[in-house]
Amino acid sequence: MVARATDERVKAEAEAAGLPVDVETISATVDFVLAMSLSTSKRVDIDTRVGQLTGFLNLLKCQCLGEDEDHDVLKLLRMVDRHVALSNQPTNRSPAHEVFNYMRDAAVFTSALLCAYTKKNGIAAP
């Protein structure tokens with residue numbers, strides 16, 4: 001039997017669903033990103049934060065999936081899926097302001113998913 005991409009995706013999502021979520025680190029990263037300014041930020045720092053936030057989004061997305069999700073969380077998950085899709089992610093050739101805006105949007109989505117995650121699991125948000 002040949003493994004298909006969907007089989008690997010399901011396996012990756014199942015593994016991600018079992019990973020621990022460090023609410024404090026994610027929250028601190030979001031706060032740091034939202035305090036950043038385009039005029040004083042270096043491209044390498046922006047790119048680093050985009051990578052971190054994308055990882056957090058994928059982790060939280062897997063943690064928030066479930067049958068018991070309400071309509072708003074499901075809508076948020078669809079929006080996150082579109083945001084982190086490879087075709088929507090910035091590239092090395094993207095202008096710095098576009099990458100910066102993408103990073104800020106990722107921070108807002110991360111914050112919203114973290115809120116849904118903490119609410120679902122009865123965790124106090126930092």
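Residues numbered from 1 in each chain as written. Predicted model: local features only at pLDDT ≥ 70, side-chain atom pairs only at ≥ 80, totals over all residues. Heavy atoms only, no water.

Novice: Looking at this structure, I do not really get the overall build of the protein. What am I missing?
Specialist: The secondary structure content of the protein amounts to five helices and zero strands. Each helix and strand of the protein, ordered N terminal to C terminal, gives the series α-α-α-α-α. Scored against the burial criterion, the 126 residues of the protein give a buried share of 34%. Partitioning the intrachain contacts of the protein with sequence separation of at least 6 by distance along the chain shows that 77% fall at a separation of at least 24. Counting only carbon and sulfur atoms, one obtains 55% of the accessible surface of the protein, whose full area is about 8,000 Å². (Helix = DSSP H or I, 4+ residues; strand = E, 2+ residues; numbered from the N terminus. Buried < 20%, exposed > 50% of the residue type's maximum accessible area, 1.4 Å probe, protein only. Contact = heavy atoms within 4.5 Å. Areas by Shrake-Rupley, 256 points an atom, 1.4 Å probe, with all protein chains shown as cover.)

Novice: In this structure, what is going on with the pattern of salt bridges? I would like to understand it.
Specialist: Two side chains that carry opposite charge are able to pair once their charged atoms sit near each other. By the definition in use, this model includes two salt bridges. A salt bridge links Asp47 to Arg43; its shortest N-O distance comes to 3.0 Å. Placement of both Asp47 and Arg43 in helix H3 (residues 43–64) is noted, with a separation of four residues, approximately one turn of the helix. Measuring nitrogen to oxygen at the nearest pair gives 2.8 Å for the salt bridge that ties Asp81 to Lys61. Of the two residues, Asp81 is situated in helix H4 (residues 71–84) and Lys61 in helix H3; the sequence distance between them amounts to 20 residues. According to the relative accessible area criterion, Lys61 is buried, its value standing at 11%. (Salt bridge = Lys/Arg side-chain N within 4 Å of Asp/Glu carboxyl O.)

Novice: I keep staring at the packing of helix H2 (residues 23–35) against helix H5 (residues 96–121) and nothing clicks. Help me out?
Specialist: Helix-helix packing: each pair is described by the crossing angle between the helix axes and the interaxial distance. Put simply, H2 and H5 touch, their axes get as near as 9 Å, and they point 150 degrees apart. On the basis of the axis angle, H2 is roughly antiparallel to H5. In terms of crossing hand, the pair formed by H2 and H5 is left-handed. Taking contact as the criterion, the partners of Val23, Ile26, Ser27, Val30, Val33 and Leu34 in H2 are, on H5, Met103, Arg104, Ala107, Val108, Thr110, Ser111, Leu114, Tyr117 and Thr118. Classifying every residue of the contact of H2 with H5 gives ten nonpolar, four polar and one charged. (Axes fitted to C-alpha atoms, helices over the stretch in contact; angles between N-to-C directions. Parallel < 35°, antiparallel > 145°, perpendicular 65-115°, else oblique. Left-handed = near helix turned anticlockwise from the far one by under 90°. Nonpolar A, V, L, I, M, F, W, Y, C, P; charged D, E, K, R; others polar.)

Novice: Is there a simple way to explain H3 in this structure?
Specialist: Residues spaced three or four apart along an α-helix point in a common direction, a consequence of the helix completing one turn every 3.6 residues. When the terminal C-alpha atoms of H3 are compared, their 31 Å separation across 22 residues agrees well with the 32 Å that a helix rising 1.5 Å per residue should span. Those residues of H3 that sit buried are Ile46, Val50, Leu53, Thr54, Phe56, Leu57, Leu59, Leu60, Lys61, Cys62, Gln63 and Cys64. (Expected span 1.5 Å × (residues − 1).)

Novice: Honestly, the side chain of Lys61 in this entry has me stumped. Any pointers?
Specialist: In this structure the side chain of Lys61 is engaged in a polar contact, spanning 2.8 Å, whose partner is the side chain of Asp81. The contact partners of Lys61, leaving out residues within four places of it in the chain, are Leu77, Val80, Asp81, Val84 and Leu113. (Polar contact = N/O pair within 3.5 Å; in protein donor to acceptor, adjacent residues only side chain to side chain.)

Novice: For this particular structure, what's the right way to read the nonpolar core?
Specialist: Generally speaking, soluble globular proteins have nonpolar side chains that are buried together. One finds Leu53, Met103 and Leu113 to be the most contacted residues of the largest nonpolar core, which totals 30 residues. For this core, the secondary structure elements donating two or more residues are H2, H3, H4 and H5. Ranked by residue count, the leading element in this core is H5, at eleven residues. Each residue touching Met103, except ones within four places of it in the same chain, is listed here: Val33, Met36, Ile46, Arg49, Val50 and Leu53. (Core = buried A, V, L, I, M, F, W, Y, C linked by side-chain atoms within 4.5 Å.)

Novice: What exactly am I supposed to notice about the environment of Val33 here?
Specialist: Assignment of secondary structure puts Val33 in helix H2. Judged by relative accessible area, which is 0%, Val33 ranks as buried. Distance from Val33 to Val50, taken between C-alpha atoms, is 9.3 Å for residues 17 residues apart in sequence. With sequence-adjacent residues up to four places away left out, Val33 is seen in contact with Arg49, Leu53, Met103, Arg104 and Ala107.

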